[in-house]
Amino acid sequence: MFIEPTDGTVVLLESFANSISAHLAKNQLEAAGIACFISNENRPYGPISGGVRLHVRQQDLEAAQQVLADHSALMTAVPDDEPDAAQPASDSSGSLLTRLRTWLLS
């Protein structure tokens with residue numbers, strides 16, 4: 001998505017360790033209607049050189065931070081020792097991951 005130079009100052013929103021994470025965040029922002037772009041994507045030694053950077057307009061900074069915060073809360077993993085959300089608590093057979101692990105190791 002092209003950002004017009006007259007739309008304001010472009011600022012760094014966040015740096016990512018890899019381009020996949022940066023593109024996932026970029027897609028979330030674009031789906032919310034926030035213009036953004038990625039830089040530093042093809043540099044060797046990504047995290048050492050500052051990571052893959054995601055930029056937005058200064059005027060969109062707060063909205064972009066909120067979009068990423070909302071999506072990161074949805075993508076939080078459930079630890080192995082907690083029951084699956086879709087599985088009833090009374091089921092003693094363990095989580096899907098535990099059952100899969102048991103099946104693979106048997």
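Residues numbered from 1 in each chain as written. Predicted model: local features only at pLDDT ≥ 70, side-chain atom pairs only at ≥ 80, totals over all residues. Heavy atoms only, no water.

Q: Let's hear about the overall build of the protein chain: which residues, and what values?
A: Of the regular secondary structure elements, the protein chain holds three helices and three strands. Going from N to C terminus, the protein chain has its helices and strands arranged as β-α-β-β-α-α. Put simply, 57% of the contacts in the protein chain that link residues at least 6 apart link residues at least 24 apart. With the model as given, the accessible surface of the protein chain reaches about 7400 Å², and the carbon-plus-sulfur share is 58%. (Helix = DSSP H or I, 4+ residues; strand = E, 2+ residues; numbered from the N terminus. Contact = heavy atoms within 4.5 Å. Areas by Shrake-Rupley, 256 points an atom, 1.4 Å probe, with all protein chains shown as cover.)

Q: Quick rundown of the sheet that holds strand E1 (residues 10-16)? Include the residues and the values.
A: With antiparallel pairing, three strands are arranged side by side in an open sheet as E1-E3-E2. Whereas interior strands pair on both sides, the edge strands pair on one side only; in this sheet they are E1 and strand E2 (36-39). Averaged over all neighbouring strand pairs, the angle between strand axes comes to 30°, with direction disregarded. Here E1 pairs with strand E3 (residues 52-57) via six bridges, running antiparallel. (Pairing = 2+ DSSP bridges. Axes fitted to C-alpha atoms, helices over the stretch in contact; angles between N-to-C directions.)

Q: Kindly report on the nonpolar core, identifying the contributing residues and their values.
A: Leu 13, Leu 29, Ile 34, Leu 54, Val 56 and Ala 64 are the most contacted members of the largest nonpolar core, which totals 16 residues. Of all the secondary structure elements, the ones that give two or more residues to this core are E1, helix H1 (19-31), E2, E3 and helix H2 (61-74). If sequence neighbours within four positions are ignored, Leu 13 has contacts with Leu 29, Leu 54, His 55, Val 56, Leu 61, Ala 64, Gln 65 and Leu 68. (Core = buried A, V, L, I, M, F, W, Y, C linked by side-chain atoms within 4.5 Å. Buried < 20%, exposed > 50% of the residue type's maximum accessible area, 1.4 Å probe, protein only.)

Q: Describe a nonpolar patch on the surface, and please don't skip the residues or the numbers.
A: A cluster of nonpolar side chains, namely Leu 97, Leu 100, Trp 103, Leu 104 and Leu 105, defines an oily patch on the protein surface of about 600 Å² accessible area. By the element assignment, Leu 100 lies in helix H3 (residues 96-105). (Patch = residues over 30% accessible without salt bridge, like charges linked within 9 Å, V, L, I, M, F, W, Y side chains within 5 Å. Salt bridge = Lys/Arg side-chain N within 4 Å of Asp/Glu carboxyl O.)

Q: Quick one: what's the story with the environment of Ala 31, residue by residue and with numbers?
A: Its place among the elements puts Ala 31 in helix H1. For the pair formed by Ala 31 and Val 67, sequence separation is 36 residues and the distance between their alpha carbons is 9.8 Å.

Q: Describe in detail the pattern of salt bridges, supporting the description with residues and values.
A: Across all of its chains, the model carries two salt bridges by this definition. Note that Glu 30 and Lys 26 form a salt bridge whose closest N and O atoms lie 2.8 Å from each other. Remark: Lys 26 and Glu 30 occur in helix H1; sequence separation between them is four residues, near one turn of the helix. Overall, Lys 26 belongs to the buried group, its relative accessible area being 16%.

Q: Let's hear about unusual backbone geometry: which residues, and what values?
A: Of note in the backbone geometry, Asn 40 takes a positive phi value of approximately 65° without being a glycine. Taking the relative accessible area as the measure of exposure, Asn 40 reaches 12% and is therefore buried.

Q: I'd like to hear about the pairing of E3, residue by residue, with values.
A: Each regular strand carries side chains that alternate between the two faces of the sheet. Of all the six residues making up E3, five are buried; the element is thus mostly covered by neighbouring parts of the structure. Judged from the four bridges that link them, E2 and E3 form a sheet pairing that is antiparallel. Directly across from Phe 37, in E3, lies its bridge partner His 55.

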